[in-house]
Amino acid sequence: MVSKIAILLISVLSFVSNIMQTGEMYLKLETILKFADYVSWPEETLERDLVIYIAENDEQKYEFAASYFRNTGFNGKKIQTEKLDNNTPINTADIIFIDEDANIDFAKLKEKILGKQIMTITTNKSLLKEGCMFYIHTTENQELEYLFNKQAVIESQMTIKSLVFTPKHKWNISEEY
């Protein structure tokens, strides 16, 4: 009897944990599209679907992200998603999202995106220090905040509206690199 209760308790806790992770991932994906609103995309980007490359080792989390983007759209356009790993050619990417558990060699990726107008966003803080543009995470009180690598943003080919960097913006900027 005790083992059945333990199994039931473990199942319930696992279910609750999955719901919390899905909720956190939803907030992060929603934030990616909010960031995209602050980019002055070139005309050719606005004339086609937005393309987001997702680096994610967990297949369920990747499918959740891909499904979210496919069903959301951006500025009246569809969003295409591509799975990103160390061998993926970066041909059409507008945004690259790297989840913290993804096994990505960011130095190699940086070489591929150099000189291109690609926004890089991660949930891995160490990648922010390596030159990723934005880092997003959920705080203990379930609020989303972001940090940015100012040098990476300045050196990129992107034009990002300065409003995204002001302290009065609705996201909390707790640090700047």
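Reading the values: the criteria
Residues numbered from 1 in each chain as written. Predicted model: local features only at pLDDT ≥ 70, side-chain atom pairs only at ≥ 80, totals over all residues. Heavy atoms only, no water. Salt bridge = Lys/Arg side-chain N within 4 Å of Asp/Glu carboxyl O. Helix = DSSP H or I, 4+ residues; strand = E, 2+ residues; numbered from the N terminus. Buried < 20%, exposed > 50% of the residue type's maximum accessible area, 1.4 Å probe, protein only. Core = buried A, V, L, I, M, F, W, Y, C linked by side-chain atoms within 4.5 Å. Contact = heavy atoms within 4.5 Å. pLDDT = per-residue confidence, 0-100. Arc of directions from axis to C-beta. Polar contact = N/O pair within 3.5 Å; in protein donor to acceptor, adjacent residues only side chain to side chain. Phe/Tyr/Trp six-rings, centres within 6.5 Å; stacked < 30°, edge-to-face > 60°. Lys NZ or Arg CZ within 6 Å of the ring centre and 35° of its normal.

Comments concerning the pattern of salt bridges
Here is step 1: The tally for this structure, following the rule as stated, stands at 4 salt bridges.
Here is step 2: We note a salt bridge from Lys83 to Glu59, for which the minimum N-O separation is 2.9 Å. On the criterion of sequence distance, the pair formed by Lys83 in strand 2 (residues 79-83) and Glu59 in helix 3 (residues 59-72) is long-range, its members being 24 residues apart.
Here is step 3: For Lys83, a relative accessible area of 34% corresponds to the partly exposed category.

Topic: the nonpolar core
Here is step 1: Counting 32 residues, the largest nonpolar core has Phe69, Ile95, Ile121 and Phe134 as its most contacted members.
Here is step 2: When contributions to this core are tallied by element, the ones reaching two or more residues are helix 1 (2-36), strand 1 (50-55), helix 3, strand 3 (95-98), strand 4 (119-122), strand 5 (134-138), strand 6 (144-148) and helix 6 (150-155).
Here is step 3: When residues of this core are assigned to their parent elements, the largest contribution, 6 residues, is made by helix 1.
Here is step 4: Beyond its immediate chain neighbours, meaning those up to four positions away, Ile95 contacts Ile32, Ala36, Trp41, Leu50, Val51, Ile52, Tyr53, Ile118, Met119 and Ile121.
Here is step 5: Grouped together as the second largest cluster of nonpolar side chains are 16 residues, Tyr53, Ala55, Ile113 and Cys132 included.

A word on the confidence of the model for the protein chain
Here is step 1: Mean pLDDT over the protein chain: 79, with 79% of residues reaching 70 or higher.
Here is step 2: When mean pLDDT is compared element by element in the protein chain, strand 3 scores highest at 94, while strand 7 (residues 172-176) scores lowest at 44.
Here is step 3: Every residue in residues 11-21 scores below 50 in pLDDT, and together they form 0 contacts with partners more than four places removed in sequence or on other chains.
Here is step 4: Note on residues 168-177: pLDDT is under 50 here. Beyond four places in sequence and across chains, it has 34 contacts.

Comments concerning helix 4 (residues 106-113)
Here is step 1: For helix 4, the full list of buried residues reads Phe106, Leu109 and Ile113. An end-on view of helix 4 places all buried positions within 55° of arc, on one side of the element.
Here is step 2: Residues of helix 4 that are buried sit in contact with strand 3, strand 4 and helix 5 (125-130).
Here is step 3: Looking one or two residues beyond helix 4, the residue adopting positive phi is Gly115, at roughly 80°.

Section: unusual backbone geometry
Here is step 1: Non-glycine residue Asn75 carries a positive phi angle of around 50°.
Here is step 2: Structurally, Asn75 is set in the loop between helix 3 and strand 2.
Here is step 3: Since its relative accessible area comes to 54%, Asn75 is described here as exposed.

Examining the side chain of Thr88
Here is step 1: Position of Thr88 relative to the elements: it lies in the loop between strand 2 and strand 3.
Here is step 2: Given the relative accessible area of 13%, Thr88 is considered buried.
Here is step 3: At a separation of 2.9 Å, a polar atom in the side chain of Thr88 contacts the main-chain amide nitrogen of Asp85.
Here is step 4: Sequence-distant contacts of Thr88, that is, excluding residues within four places in its chain, are made with Tyr53, Lys83 and Lys112.

So, the side chain of Thr81
Here is step 1: Examined against the element boundaries, Thr81 turns out to sit in strand 2.
Here is step 2: Ignoring anything within four residues of it in the chain, the contact list for Thr81 reads Ile52, Ile54, Tyr62, Ala66, Phe69 and Arg70.

Thoughts on the packing of aromatic side chains
Here is step 1: All told, the structure shown has 5 aromatic pairs when counted by the stated rule.
Here is step 2: Relative to Phe69, the ring of Tyr68 has its centre 5.4 Å away and its plane inclined at 70°; by these criteria the two rings are edge-to-face.
Here is step 3: With relative accessibility at 12%, the residue Tyr68 sits in the buried group.
Here is step 4: Note on Phe69: relative accessible area 0%, which makes it buried.
Here is step 5: Seen in terms of ring centroids, Phe134 and Tyr146 are 6.2 Å apart; in terms of plane orientation they differ by 65°. Their pairing is edge-to-face. Of this pair, Phe134 sits in strand 5 while Tyr146 sits in strand 6, and the two are 12 residues apart along the sequence. Accessibility assignment for this pair places Phe134 and Tyr146 in one class, buried.
Here is step 6: Every member of this aromatic cluster is reached through a ring pair, and the members are Tyr26, Tyr68 and Phe69.
Here is step 7: Across the ring face of Tyr62, the terminal group of Lys83 is positioned such that the distance to the ring centre comes to 4.8 Å.

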